[in-house]
Every structure is written in C-alpha cells, then in structure tokens.
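This is what each chain is made of:
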Amino acid sequence: PARYLVFFQYFGTKYSGVMETSNDQSIVGVQNYLEKAAQNLKPIVPIKFHISSRTDSGVHALSNSAHLDIQRAPGKPAFKEKELVYSLNYHLKPEPIRILNAHRVTSSFHARFSALSRTYVYRLLIGCGHYSEIPVFERDLCWAPVGGCLNVPAMRDAAQFLLGTHDFSTFRSLNSETPFQSPVRTILQVDIRPSSGFLSHHYEHRGLEFWELKFRSRSFLYRQVRRMVGALVAVGQGKLTPHHIKELLERKDSRAFPPNAMAPPSGLFLKSVEY
C-alpha cells in the first residue's frame, strides 16, 4: 500500500468532533465523511484515516492532518498526490470539509507521532453587549464574552505563566484517557494580538474588536486550550489577577479551575500541525 499524509480543513459546527463516531448517531465526526469519500477510490482494503490532532465538537480546523494507506488493485499505479486531493474533494463536495494537499510518505511515517508541534488560534470578539450584536457572518466562529473591553496587558502578563513546561492538571477536562496521560506539557508560544473579522471594515462604526490568542505546543491535553483561554479572559475581565494563573498551575487539580470559565468551542481553530 502507498501511504500519504494529507492536510485538511473543516468548519466544525455541524460535527461531533474530528474523530470517527458510530454511523447511527445523528451527528457524526469529520473522519466518518473522510473515510466515506475515500471508499469511492475503490481500494482493495478499506481506508482508515489516522488523525494527528483530535478536535472537539464545534471546533474548527484551518489545517489538521492525517495519514492513510491506499492499496489499489494489482496493476493500478499509486495515486498521484494532486489526483488524490482532487478525487477526495470531489466526493466530499456537499460537506464543509476540504483536502488541502497530500504528500506521499514512507510506511514508517505516523501523522500523530511524527508531528513536532501543533498551533491553535482562538478568536475573541470584544465590544458586544449582547449575543444578538455578533455579526451574522461571525456566528459560530468566535466567542464574544459579554461586558466591555478586556485588559489585554494583564492577559499578556498572565499568559507568561503558561509558557514553558508545567503540570497542566488544572487546565484539562477529565476524560477516559486522563488516567493514562501525563499532565505535563510544554507551551512553546502564547501570543495575544489584534485581528481582523470577516468583512469587519464594513462595520467598524460599531466598535467591535477582534483579538486572537495563539498557542503552540508539541501536544495539548483534553480541552486545555479552551481552559487556558477562559482563564485569560477572566483575567482580562478583572475576575482573576495574572498571578492567579500561576496559582492555578500550582494547584495541579482540575477541580480548582473556576466554574463556568472554560471558553466555548466556537472560537477555537486548529491552525496547523508542524512536521
């Protein structure tokens, strides 16, 4: 079989997340659609997508990745990379999922374990007094925390405590993998910077501001980015001080995380997986 690394993007609102779910569920994963499209390539063996980075229900990807093996009938040559991209996209047509590119790789390559780092971006919309003020084109693509502006310098001070290697137990949600996973992670980059919204120059008069929080690490814990964003926004709102972030890290207990502070999935994008 020929092994390929593919990069793909998706608008995550309508899916249960990226990972495969049983087909009898009303909402299924992005992987279900990828594998269904791949079956149209008429492989000898069913094609399995080995996804590099899990994303939750409602989370988007500008670029996620996966590897897959394709075994064709005897005498049929391996797919050319562009041909594979075109064919998969043809069969994904009705879905907001797109294959960006494909690379032929060695049989020892693994999309998840060969990755050097992953970068996530979280989009915030500031200046909405009420949910109804979110531009219709930005619905499901950002988080608009209610109540005035945020103290960005305080958020940047707080973000410094997250950089480096720490036990992030407080910043992870518990799931079935928790007992088997080390809570230690290394955050390589945290940036908070102004950003543009879709068509935002047409409604500048409304005083809406977009900001992006960017995080890069080799890997993240379950819902770690959303919890880090929620805590930083709480600092920006004056509910926590920058030093509280350091204290939360030192507690090493997911129950110590402030209730209802986790950022919603809508503003979160997997930006890239680096190899």
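This one's a predicted model, so the numbers in the text were calculated from it and none came from an experiment.

### Structural notes on the side chain of Thr 21
Within the secondary structure, Thr 21 is located in the loop between β1 (2-10) and α1 (30-39). On the basis of relative accessible area, Thr 21 is assigned to the buried category, the value being 18%. Within the local environment of Thr 21, its side chain forms a polar contact with the backbone nitrogen of Gly 29, the two atoms lying 3.3 Å apart. Among residues more than four places away in sequence, those in contact with Thr 21 are Ser 16, Ile 27, Val 28, Gly 29 and Asn 32.

### Quick word on the UniProt feature "binding site: substrate" (unreviewed entry) in the protein chain
The sites that UniProt annotates as "binding site: substrate" (unreviewed entry) are Tyr 120. Looking at the element boundaries, Tyr 120 is found in strand β5 (residues 117-126). Accessibility expressed as a relative area gives 8% for Tyr 120, which makes it buried. Among residues more than four places away in sequence, those in contact with Tyr 120 are Ser 53, Arg 54, Thr 55, Leu 213, Lys 214, Phe 215, Phe 220, Val 225, Leu 268, Phe 269, Leu 270 and Lys 271.

### With respect to the nonpolar core
Counting residues in each nonpolar core, the largest one holds 69 residues, and the members touching the most others are Phe 8, Phe 49, Leu 124 and Phe 171. With eight residues, helix α4 (residues 224-236) is the largest single contributor of residues to this core. Residues from two domains meet in this core; each of domain 1 (2-104) and domain 2 (117-274) gives at least three. Discounting residues that sit within four places of it in the chain, Phe 171 has contacts with Leu 162, Tyr 222, Arg 223, Gln 224, Arg 227, Met 228, Ala 231, Ile 245, Leu 248, Leu 249 and Phe 257. Within the second largest apolar cluster, eight residues are counted, among which are Cys 128, Cys 142, Tyr 203 and Phe 210.

### Focus on a nonpolar patch on the surface
A cluster of nonpolar side chains, namely Val 136, Phe 137, Phe 198 and Leu 199, defines an oily patch on the protein surface of about 400 Å² accessible area. With respect to the secondary-structure elements, Val 136 resides in the loop between β5 and α3 (152-160). For Val 136, a relative accessible area of 60% gives the class exposed.

### Examining the packing of aromatic side chains
Tallied over the entire structure, the rule returns nine aromatic pairs. Consider the rings of Phe 7 and Tyr 275, whose centres lie 6.1 Å apart with planes at 70°: the pair is edge-to-face. Here the residue Phe 7 occupies a position in strand β1, and Tyr 275 occupies one in the segment after β9 (268-274), the gap between them amounting to 268 residues. For Phe 7, a relative accessible area of 13% translates into the label buried. Residue class for Tyr 275 comes out partly exposed when judged on its relative accessible area of 33%. Both rings, one in Phe 171 and one in Phe 257, keep their centres 5.9 Å apart while their planes meet at 70°; by these two values the pair is edge-to-face. Of the two residues, Phe 171 sits in the loop between β6 (164-167) and β7 (184-195) while Phe 257 sits in the loop between α5 (242-251) and β9, which places them 86 residues apart along the sequence. The class for Phe 171 is buried, based on a relative accessible area of 0%. Note on Phe 257: relative accessible area 7%, which makes it buried. Site record: aromatic cluster; members linked through ring pairs are Phe 7, Phe 109 and Tyr 275. Taking the ring centre of Tyr 4 as reference, the NZ or CZ of Arg 104 above it sits at 5.8 Å. Looking at Arg 227, its charged tip hangs above the ring of Phe 257, at a distance of 4.4 Å from the centre.

### Looking at unusual backbone geometry
The phi dihedral of Asp 140 is positive, around 75°, even though this residue is not glycine. Topologically, Asp 140 is positioned in the loop between β5 and α3. Given the relative accessible area of 28%, Asp 140 is considered partly exposed. Of note, the phi angle at Arg 223 is positive, near 60°, even though the residue is not glycine. Residue Arg 223 is classed as partly exposed on the basis of its relative accessible area, which comes to 31%.

### With respect to the state of the cysteines
Scanning the model with the defined rule gives zero disulfides in all. Among the cysteines around Cys 142, which has no disulfide bond, Cys 128 carries the closest sulfur, lying 7.3 Å off. Not part of a disulfide, Cys 149 finds its nearest cysteine sulfur in Cys 128, a span of 13 Å.

What counts, and where the lines are drawn
Residues numbered from 1 in each chain as written. Predicted model: local features only at pLDDT ≥ 70, side-chain atom pairs only at ≥ 80, totals over all residues. Heavy atoms only, no water. Helix = DSSP H or I, 4+ residues; strand = E, 2+ residues; numbered from the N terminus. Buried < 20%, exposed > 50% of the residue type's maximum accessible area, 1.4 Å probe, protein only. Polar contact = N/O pair within 3.5 Å; in protein donor to acceptor, adjacent residues only side chain to side chain. Contact = heavy atoms within 4.5 Å. UniProt positions renumbered as here; feature names shortened; annotations may be inferred. Core = buried A, V, L, I, M, F, W, Y, C linked by side-chain atoms within 4.5 Å. Domains from an automatic or database assignment. Patch = residues over 30% accessible without salt bridge, like charges linked within 9 Å, V, L, I, M, F, W, Y side chains within 5 Å. Areas by Shrake-Rupley, 256 points an atom, 1.4 Å probe, with all protein chains shown as cover. Salt bridge = Lys/Arg side-chain N within 4 Å of Asp/Glu carboxyl O. Phe/Tyr/Trp six-rings, centres within 6.5 Å; stacked < 30°, edge-to-face > 60°. Lys NZ or Arg CZ within 6 Å of the ring centre and 35° of its normal. Disulfide = S-S within 2.5 Å.

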